[in-house]
Structure formats: C-alpha cells, structure tokens
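Letter by letter, the chains look like this.
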Amino acid sequence: MIDTLEKAPDLNERLVSAYERQLEERSNGHPPAFRDLRERAMTSFDALGIPTRKHEAWKYTNIAKALRHDYAVLDPGAASDVRADDVAAYRIAGLDAYTLVVVNGIVDVDLSDTDALPAGVHVGSLRDAAETHADVLDTYFGKYADVDEDAFVALNSAFDLDGVFLRVEKGVTLERPIQVVYVTDADRDVLLQTRNLYLFGENSEALVVETFHSASDVKTFSNRVTEVVVDRAARINLLQLQNENDEASQVSTLQVYQEAQSTFSAHTYTLGGALVRNNINAVPNGEGCETHLYGLYIADGERHVDNHTLIDHAAPNCFSNELYRGIIDDRATGVFNGKVFVRRDAQQTNAYQSSQGVVLSDDAHHYSKPELEIYADDVKCSHGSTTGELEPEHVFYLRSRGLSERQAKSLLLYAFAHDIVTELPHEALRNYLDGLIEQRLNA
Amino acid sequence: MLEIKNLHANVEGHEILRGVDLTVEAGEVHAIMGPNGSGKSTLANVLAGREEYEITEGSVTYDGQDLLDMAPEERARDGVFLAFQYPVELPGVSTMQFLRTAVNSMREHRGEPVMNVAEFMKRMREKADFVNLDHNLMKRSVNEGFSGGEKKRAEIFQMAMLDPRLAILDETDSGLDIDALKIVSAGVNKLRGPERAFVLITHYQRLLNYIVPDVVHILMDGRIVKSGGKELALKLEEKGYEWIREHAAELVAA
C-alpha cells in the first residue's frame with residue numbers, strides 16, 4: 001500500500017499558506033532572516049513532498065498515512081495553560097538541572113529556570129538569539145541539516161521557527177545538566193515545528209536532557225530539527241526522553257557535526273507516543289572523534305517507533321558505537337535502520353553497531369536493518385542484529401524458582417533494557433530511567 | 001509425598017518416558033541412575049514443569065495434588081525444586097533481586113510476610129557459606145561468568161535459600177571435581193531431614209558415596225527396570241549398564 005501526497009492535499013496547502021502568511025507577517029517590510037534558506041527549503045519541500053513507503057528511508061514507516069489527518073498548522077505563540085506546577089512535575093528528581101521550557105515550540109522564559117548559568121553559557125530562545133547572537137547564527141544556523149534531500153528538514157527550515165538556542169563557549173564545563181522540557185498543549189489537533197541550535201565550543205563539556213510531554217490529549221504531530229555542533233575535544237551527552245501520550249507523533253532530526261577529538265553520545269529513549277521517528281545523523285569530521293548512539297524503545301498498543309541513524313565517517317581514526325534495544329508488544333512496531341558510511345579518507349575507523357529487538361506478541365513487529373558502506377581499506381566495522389522472543393529456557397528457569405511468568409519476563413526485559421541505561425552519565429538519570437522502565441514493564 | 005504412575009512423555013514426537021512408576025516419601029533420598037538417553041533428565045524436567053514435553057499417559061501426584069496440572073511456579077511455591085543440569089546464565093539479572101523475588105513469592109504463597117532486606121542479606125550469606133560460594137558471586141548477574149562448578153554450587157545455594165520439600169537434583173555431580181563434589185554433597189546432607197525428600201539423578205555411582213540414598217532406581221529406555229538399596233549402585237558400578245540391559249530384556253520377556 002503506497003500513499004501519496006495527493007491523498008493529503010489539505011495539509012500541504014495549509015503548510016504552504018502558513019508559510020506565505022508567515023513570510024508576510026514576520027518580514028514587516030524588511031527582508032526576513034535567512035530568506036534564501038527558507039525559500040530554498042520551501043522549494044525543496046514542494047518538490048520532495050511528504051515521503052511515501054517507496055522511499056527506502058521510509059520503507060517501514062508510513063508517515064504519509066500518519067499525516068493524513070486534519071491537523072491545524074499551529075500558530076507559533078498560541079496561548080497555553082501550562083503553569084509552573086506542571087513544569088515542576090516534569091523535572092527529573094535529583095538531576096538539579098537548569099530548566100528551559102518550550103511550550104508548543106516557543107521558548108517560555110517565565111517557566112524556565114536558567115538563573116545562575118555560569119559565564120560562557122547561553123540558553124534561550126532561538127528567535128531571540130537571531131538578534132542577540134546574529135553573527136553566531138549566521139555562521140552556524142542551517143548549515144548542517146539537509147534541506148535538499150530531507151522533506152522534514154526542508155519543511156522545518158522553510159519556517160521562521162522558535163526553539164532552543166544553546167551555546168557553551170570554549171573551555172566551559174557545565175557542572176549541572178540542562179533539561180529542556182518540551183510541552184505540547186493545544187485545544188485542537190495540531191502540527192507544530194521546533195528548531196534548535198546547540199553549539200558546544202572547543203573543550204567544553206555538557207549534559208543536555210530533553211524531555212517531551214503532552215499536557216493536552218489532542219492529536220499532535222511535531223517536526224523538530226536540532227543542529228548540533230561539537231567543536232574540537234568537546235565532550236557532550238544528549239538524552240532524549242520521549243514519553244508522550246498515545247496521541248503524540250513526532251519526527252525528530254538530530255544533525256550532529258563533530259570536530260577532531262570530540263566525543264558525542266546520544267541516549268534516545270522512546271517509551272511513549274503514537275508514531276515516533278528519530279533521525280540521528282552524525283558526521284565525525286575530524287580525527288579522533290568518538291560517537292556513541294544508545295537507544296531504547298518500548299512500544300506497546302499501536303505505537304510505532306522508528307530509529308534511523310547515519311554515521312558518516314569522513315575523517316580517520318574515529319570510533320563509533322551504536323547500541324539499540326527494542327521491546328515490542330501488542331500490535332506495535334519497532335524499526336532500527338542504522339547506516340554506517342566510511343569514506344575513503346576515513347582510515348582506521350572503528351565502527352560497531354548492535355541492534356536487538358524482543359518481540360512479545362504475534363502481532364508485534366520489529367525490523368532491523370544494518371547498512372555498512374565502506375570505501376576505506378583499513379577499518380574495523382561490525383554489526384549484529386537480532387530479533388526474537390525471550391529465551392523460553394530463561395523464562396522457565398525463573399519460573400522454576402517461583403516467579404510468575406509475568407515476573408520472570410519483566411525481570412528479563414528489565415535486564416535487557418538496563419544495558420542501555422548503564423550508559424547514562426548521571427546517577428539521577430539512571431535511577432529515573434530504571435524507575436520508568438520498571439513501571440512500563442510491570443504495567 | 002510424590003507418586004508417579006505409568007508416566008509416558010514425548011518430546012517432539014519421540015516417546016522418552018514409557019511408563020515410569022515411582023513413589024517417594026518425605027524424608028527419603030532416592031537415586032535414579034541410568035545410561036545416557038534413558039530419560040533421566042526428561043523425568044526431572046517433567047516434574048519441574050518444562051513445557052516442551054507432552055504427557056501422553058499416567059499421573060503425578062504431589063501431596064495429593066495433580067502436579068502435572070500445576071504451572072512451574074506453582075510447583076516451586078509448593079516446595080518443588082529442580083537443580084538444573086545446565087543452569088542458564090542471565091546477564092543483567094541481579095542475583096539478589098531474582099532471589100528476593102523468588103523467596104518472597106514463596107512466602108507470600110504461604111501467607112508469610114515479605115522478608116526484609118537485612119534479614120534476606122543475612123540469609124544469603126549464611127546459605128552461600130553452606131556451599132563455600134564466594135559472596136562476590138552474588139553481586140553478579142545470575143550465573144553470569146560462573147565456572148561449571150560454581151554454577152552447580154549456586155544451584156545448591158539457591159535450593160538452600162528456597163527451602164524446598166521435594167528437591168530434584170539433575171546430574172548435579174557432572175563436571176564437578178572431587179572437592180566440589182564433597183562440598184555440594186555436604187550441603188545436600190545438611191538439608192536432609194524428615195520433612196524433605198530428594199531425587200538424585202546421576203549417571204555415576206560416585207555421588208552416592210557422599211549422599212547415601214535410601215533407594216536406588218535404574219531407569220532404562222524410559223522405564224524403571226530395577227530398584228534396590230544403596231548396594232544396587234555399587235553393583236551397577238561394578239557390572240555396568242550392560243548387565244541391567246540384559247536384565248531388562250528378561251523383565252520384558254517375562
């Protein structure tokens with residue numbers, strides 16, 4: 001079954017008219033910021049259209065179908081009822097983080113807590129940064145994500161969006177993490193977009209935690225693009241914790257660019273949502289980089305979780321390591337598609353990839369597709385991919401000691417998931433995730 | 001306590017047990033010996049409730065209940081314990097968490113309160129010492145990276161923790177050197193008592209030098225062909241299974 005854009009003309013028209021309206025409103029007679037990029041992006045989106053399952057990258061995820069719904073294009077800045085109390089509940093206990101709150105794609109400074117940020121750290125609204133850090137945005141904004149080939153990046157780039165601007169200057173170590181709280185709160189079904197720019201200076205160190213929350217129970221579709229620049233020898237951890245309700249869908253694109261000797265680790269946890277597509281594209285572009293992508297997804301009901309990774313090794317002596325685990329139950333679907341590209345100059349690359357899916361019901365599906373494309377001759381690359389049920393031997397062993405089948409399975413699944421949790425760089429996060437996972441597996 | 005009558009069991013369409021009869025009373029230790037492929041492990045696994053066996057005929061009664069009708073965990077909670085021939089490794093599953101869940105599921109079943117952590121830890125240490133098991137092993141995942149001997153000792157340690165009434169030991173002696181065999185046997189002997197019964201499944205007589213059985217049975221081709229006292233094991237050791245095979249042929253002919 002192939003769906004085409006023609007079957008969802010309304011949404012496309014709404015997007016184009018929203019684009020034109022915004023062009024008028026925001027320009028105010030002046031040439032709007034990044035006009036060239038936006039026009040190029042809109043033209044590209046128009047040409048690409050919403051991908052169908054004919055596209056190799058969308059083979060297992062029917063995104064056109066998910067978008068064939070009466071979503072209103074959310075007016076940025078639409079009123080919301082989110083209050084400080086709600087946000088307090090979203091904070092992770094024991095993390096002691098600076099908090100930045102993004103409501104419906106707009107940074108809400110009043111709800112945020114970024115007081116006492118150390119010198120050399122800027123956290124705030126991207127739109128504000130367009131004025132306060134104009135030269136920085138000129139250098140970095142829109143330079144990494146692929147407007148020409150990726151429809152969702154194009155759609156995102158066509159709009160003058162708000163989102164998070166984060167900059168950690170050269171040599172700064174952030175002692176406390178930054179938690180970015182994304183809340184959607186609408187009174188009708190909406191499509192919303194967010195644009196982030198994370199810049200980590202040379203030899204900086206930071207942990208950024210992104211959490212996603214539904215404050216209303218309408219259907220939402222979020223298209224978020226985050227460009228991340230990790231400068232020389234910086235050490236960065238980014239956790240994305242997706243635990244929204246059953247009505248929330250998202251396409252998230254994380255575009256990571258690394259300079260030499262830097263280490264970037266992404267930790268992607270998908271415990272909720274309706275349809276979640278995570279694209280992580282990392283380009284270790286200097287010698288001696290490390291890139292770690294850890295992912296855990298637990299999908300039940302009708303959920304659909306698709307993790308799509310690309311590591312593009314362009315420089316020699318880099319190390320990349322991907323470890324993904326999925327637990328799929330009921331009628332849910334899990335997908336892992338990991339591509340490792342080793343360019344001709346990227347000699348001495350070490351690239352490892354492991355994807356394991358456990359399927360708990362006959363109607364649950366898991367697709368795992370590793371892809372290696374290697375053009376250098378002196379490299380070490382490996383991938384392992386398994387999909388299966390829990391070992392009956394293991395379940396029986398535990399039951400023979402008095403554990404119920406349910407207890408046995410959740411203990412085994414917890415252990416399976418815990419391997420990913422141990423990679424988190426902060427004890428409060430490990431405890432928090434362990435708790436969430438245990439709760440999910442015993443639900 | 002345990003009464004097996006005319007038990008027939010298939011695995012993947014092959015009949016492995018062909019009419020086993022066995023009665024075990026509380027306080028007794030029974031040894032079941034037999035050559036490879038005679039059905040010893042099948043019998044152990046059927047008693048523990050492994051699902052890939054199909055029972056085609058016969059019955060097993062445990063304390064007046066139909067054992068075959070009970071889920072593996074129900075059997076365990078009612079006091080049946082199987083020490084596995086090949087204990088599985090469970091990476092990431094904490095030994096302590098696993099055993100606490102197991103111990104408490106049994107206590108709950110008996111209407112006893114949950115054991116608190118301090119009490120549980122104390123019990124763990126005591127029972128580990130029972131089979132000279134390094135306390136550090138308990139901080140690891142279940143059986144992960146244990147040597148063959150450590151795994152077997154860990155099974156007896158688990159048995160001591162769970163305090164069963166009917167313990168089935170499936171070739172617990174295989175792969176043990178003489179020192180380990182003595183330790184394991186001493187552990188089992190300490191657990192012997194008037195309320196508890198043991199079924200020892202073994203290929204060799206050696207184990208029975210250390211755990212002296214009340215009754216020895218010889219299982220061959222899925223049937224118990226001969227039963228006797230502890231001297232039967234010695235005779236078997238001396239004459240070999242061929243002697244029994246001839247004897248069995250006579251029995252069937254008669």
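Residues numbered from 1 in each chain as written. Chains lettered and ligands numbered in written order. Predicted model: local features only at pLDDT ≥ 70, side-chain atom pairs only at ≥ 80, totals over all residues. Heavy atoms only, no water.

(A) Spotlight on the pairing of strand β3 (residues 106–113) of chain A. All names here are of chain A. When strand β2 (residues 98–103) meets β3, the two strands line up antiparallel, connected through four bridges. By the bridge assignment, V102 is partnered in β3 with V107. Hairpin connection, β2 to β3: the antiparallel pair is bridged by two residues, and N104 has positive phi, about 50 degrees. (Pairing = 2+ DSSP bridges. Helix = DSSP H or I, 4+ residues; strand = E, 2+ residues; numbered from the N terminus.)

(B) How the structure looks around the packing of helix α9 (residues 405–421) of chain A against helix α10 (residues 427–442) of chain A. Residue and element names in this part refer to chain A. One way to put it is that α9 packs onto α10 with a least axis distance of 10 Å and a crossing angle of 150 degrees. Classed by the angle they form, the pair α9 and α10 counts as roughly antiparallel. Here the hand of the crossing between α9 and α10 comes out right-handed. Judged by residue contacts, R406, S410, L413, Y414, A417, H418 and V421 of α9 engage R430, L433, D434, I437, E438, L441 and N442 from α10. For the contact of α9 with α10, the class distribution of residues is seven nonpolar, three polar and four charged. (Axes fitted to C-alpha atoms, helices over the stretch in contact; angles between N-to-C directions. Parallel < 35°, antiparallel > 145°, perpendicular 65-115°, else oblique. Left-handed = near helix turned anticlockwise from the far one by under 90°. Contact = heavy atoms within 4.5 Å. Nonpolar A, V, L, I, M, F, W, Y, C, P; charged D, E, K, R; others polar.)

(C) Fine view of the state of the cysteines. Tallying each qualifying case throughout the model produces zero disulfides over all chains. Left without a disulfide partner, C289 of chain A is nearest to the cysteine sulfur of C318 of chain A, which lies 4.4 Å away. (Disulfide = S-S within 2.5 Å.)

(D) Examining the environment of E391 of chain A more closely. Along the chain, E391 of chain A falls in the loop between β20 (380–388) and α8 (392–399). Between the C-alpha atom of E391 of chain A and that of V358 of chain A, which follows or precedes it by 33 residues, the distance is 9.8 Å.

(E) How the structure looks around the sheet that holds strand β5 (residues 65–66) of chain B. Residues and elements named next belong to chain B. Pairing is antiparallel across the open sheet formed by four strands, whose spatial order is β2-β1-β4-β5. Of all strands in the sheet, those bounded by a partner on one side alone are β2 (14–24) and β5. Contacting β1 (2–11), β2 and β4 (53–62), helix α1 (residues 40–48) runs over the sheet at an angle of about 110 degrees to β1.

(F) Structural view of the interface of chain A and chain B. In this complex, chain A contributes 18 residues to the contact, which on the side of chain B involves 34 residues. Carbon and sulfur atoms supply 62% of the area that chain A and chain B bury against each other, a total of about 2,000 Å² over both sides. In this assembly, chain A and chain B are joined by four salt bridges. With a shortest N-O distance of 2.6 Å, R401 of chain A and E155 of chain B are connected by a salt bridge. Of the residues that constitute the side of chain A that touches chain B, the class distribution is eight nonpolar, five polar and five charged. (Buried area = accessible area lost by both parts, 1.4 Å probe. Salt bridge = Lys/Arg side-chain N within 4 Å of Asp/Glu carboxyl O.)

(G) Focus on a negative patch on the surface. Residue and element names in this part refer to chain A. Side chains of D81, D85, D86 and D187 sit close together on the surface and give a patch of like negative charge. Of note, D81 is situated in the loop between β1 (72–73) and α4 (84–90). Here D81 falls in the exposed class, since its relative accessible area comes to 57%. (Patch = residues over 30% accessible without salt bridge, like charges linked within 9 Å, V, L, I, M, F, W, Y side chains within 5 Å. Areas by Shrake-Rupley, 256 points an atom, 1.4 Å probe, with all protein chains shown as cover. Lys, Arg positive; Asp, Glu negative; His and termini not counted. Charge placed at Lys NZ, Arg CZ, Asp CG, Glu CD. Buried < 20%, exposed > 50% of the residue type's maximum accessible area, 1.4 Å probe, protein only.)

(H) How the structure looks around the packing of α8 of chain A against α9 of chain A. Residue and element names in this part refer to chain A. Contact geometry of α8 with α9 gives a least axis separation of 9 Å together with a crossing angle of 125 degrees. When the axis of α8 is compared with that of α9, the two are oblique. Considering how the two elements wind past one another, α8 and α9 form a crossing that is right-handed. Across the interface between the two elements, H394, V395, L398 and R399 from α8 touch E405, A408, K409, L411 and L412 from α9. For the contact of α8 with α9, a count of residues per class yields five nonpolar, one polar and three charged.

(I) Spotlight on the confidence of the model for chain A. With 95% of its residues at a pLDDT of 70 or more, chain A shows a mean pLDDT of 92. Across residues 1–8 of chain A, where pLDDT falls below 50, the model places 17 contacts with residues more than four positions away in sequence or in other chains. (pLDDT = per-residue confidence, 0-100.)

(J) Layout of the confidence of the model for chain B. Overall, the predicted model of chain B reaches an average pLDDT of 91, with 97% of residues at or above 70. This complex was scored by the predictor with a pTM of 0.89 and an ipTM of 0.95.

(K) Representation of helix α5 (residues 148–162) of chain B in the model. Residue and element names in this part refer to chain B. Relative to the 21 Å expected for 15 residues at 1.5 Å per residue, α5 spans 21 Å between its end C-alpha atoms, a close match to the ideal helical length. Of all 15 residues in α5, 13 are buried; the element is thus mostly enclosed. Positive backbone phi, approximately 55 degrees, marks D163, located one or two places after α5. (Expected span 1.5 Å × (residues − 1).)

(L) Region of the structure containing the packing of aromatic side chains. For the coordinates displayed, the defined rule picks out 15 aromatic pairs over all chains. Seen in terms of ring centroids, Y198 of chain A and F200 of chain A are 6.5 Å apart; in terms of plane orientation they differ by 70 degrees. Their pairing is edge-to-face. Classification of Y198 of chain A by relative accessible area gives buried; the value is 1%. By the ring-pair criterion, three or more aromatic residues cluster together here, those being W58, Y71, F152 and F221 of chain A. When the ring centre of Y397 of chain A is taken as origin, the NZ or CZ atom of R401 of chain A, which lies over that ring, is 4.8 Å away. For the cation-ring pair, K127 of chain B lies above F130 of chain B, with the distance from its terminal atom to the ring centre recorded as 5.6 Å. (Phe/Tyr/Trp six-rings, centres within 6.5 Å; stacked < 30°, edge-to-face > 60°. Lys NZ or Arg CZ within 6 Å of the ring centre and 35° of its normal.)

(M) Layout of the sheet that holds strand β12 (residues 223–228) of chain B. All names here are of chain B. Taken in spatial order, the six strands line up as β6-β9-β10-β3-β11-β12 in an open sheet, and their pairing is mixed. Edge strands, defined here as strands with exactly one partner in the open sheet, are β6 (80–83) and β12. Neighbour to neighbour, the strand axes of the sheet diverge by 20 degrees on average, direction disregarded. Along the sheet, helix α7 (residues 231–239) contacts β3 (29–33), β11 (215–220) and β12; its crossing angle with β11, the most-contacted strand, is approximately 45 degrees.

(N) View of the side chain of T268 of chain A. Here T268 of chain A shows up in strand β12 (residues 263–270). If we skip the residues at most four places from it in the chain, T268 of chain A touches Q240, Q242, N278, I280, Y294, G295, L296, N307 and Y324 of chain A.

(O) Just helix α7 (residues 151–158) of chain A, in detail. All names here are of chain A. For α7, the buried fraction is high: eight of the eight residues fall into the buried class. Every buried residue of α7 is accounted for by A151, F152, V153, A154, L155, N156, S157 and A158. Between a side-chain oxygen at the N-terminus of α7 and the backbone nitrogen of F152 the separation is 2.9 Å; the capping residue is D150. (Polar contact = N/O pair within 3.5 Å; in protein donor to acceptor, adjacent residues only side chain to side chain.)

(P) View of the environment of H247 of chain B. Residues and elements named next belong to chain B. Relative to the assigned elements, H247 resides in helix α8 (residues 241–253). Accessibility expressed as a relative area gives 21% for H247, which makes it partly exposed. Separated by 22 residues in the primary sequence, H247 and V225 place their C-alpha atoms 8.3 Å from one another. Filtering out sequence-adjacent residues up to four positions away, H247 remains in contact with V225 and K226.

(Q) Examining the environment of L111 of chain A more closely. All names here are of chain A. Assignment of secondary structure puts L111 in strand β3. In this structure, the C-alpha to C-alpha distance between L111 and A84, residues 27 residues apart in sequence, is 5.8 Å. Beyond its immediate stretch of four places on either side in the chain, L111 contacts V82, R83, A84, V87, R91, V101 and V103.

(R) The pairing of β12 of chain B, seen in detail. Residue and element names in this part refer to chain B. Where β11 and β12 come together, five bridges link them in antiparallel fashion. Bridge assignment links L219 to a residue of β12, and that residue is I224. Hairpin connection of β11 to β12: two residues between the antiparallel strands, including D221 at a positive phi of 50 degrees.

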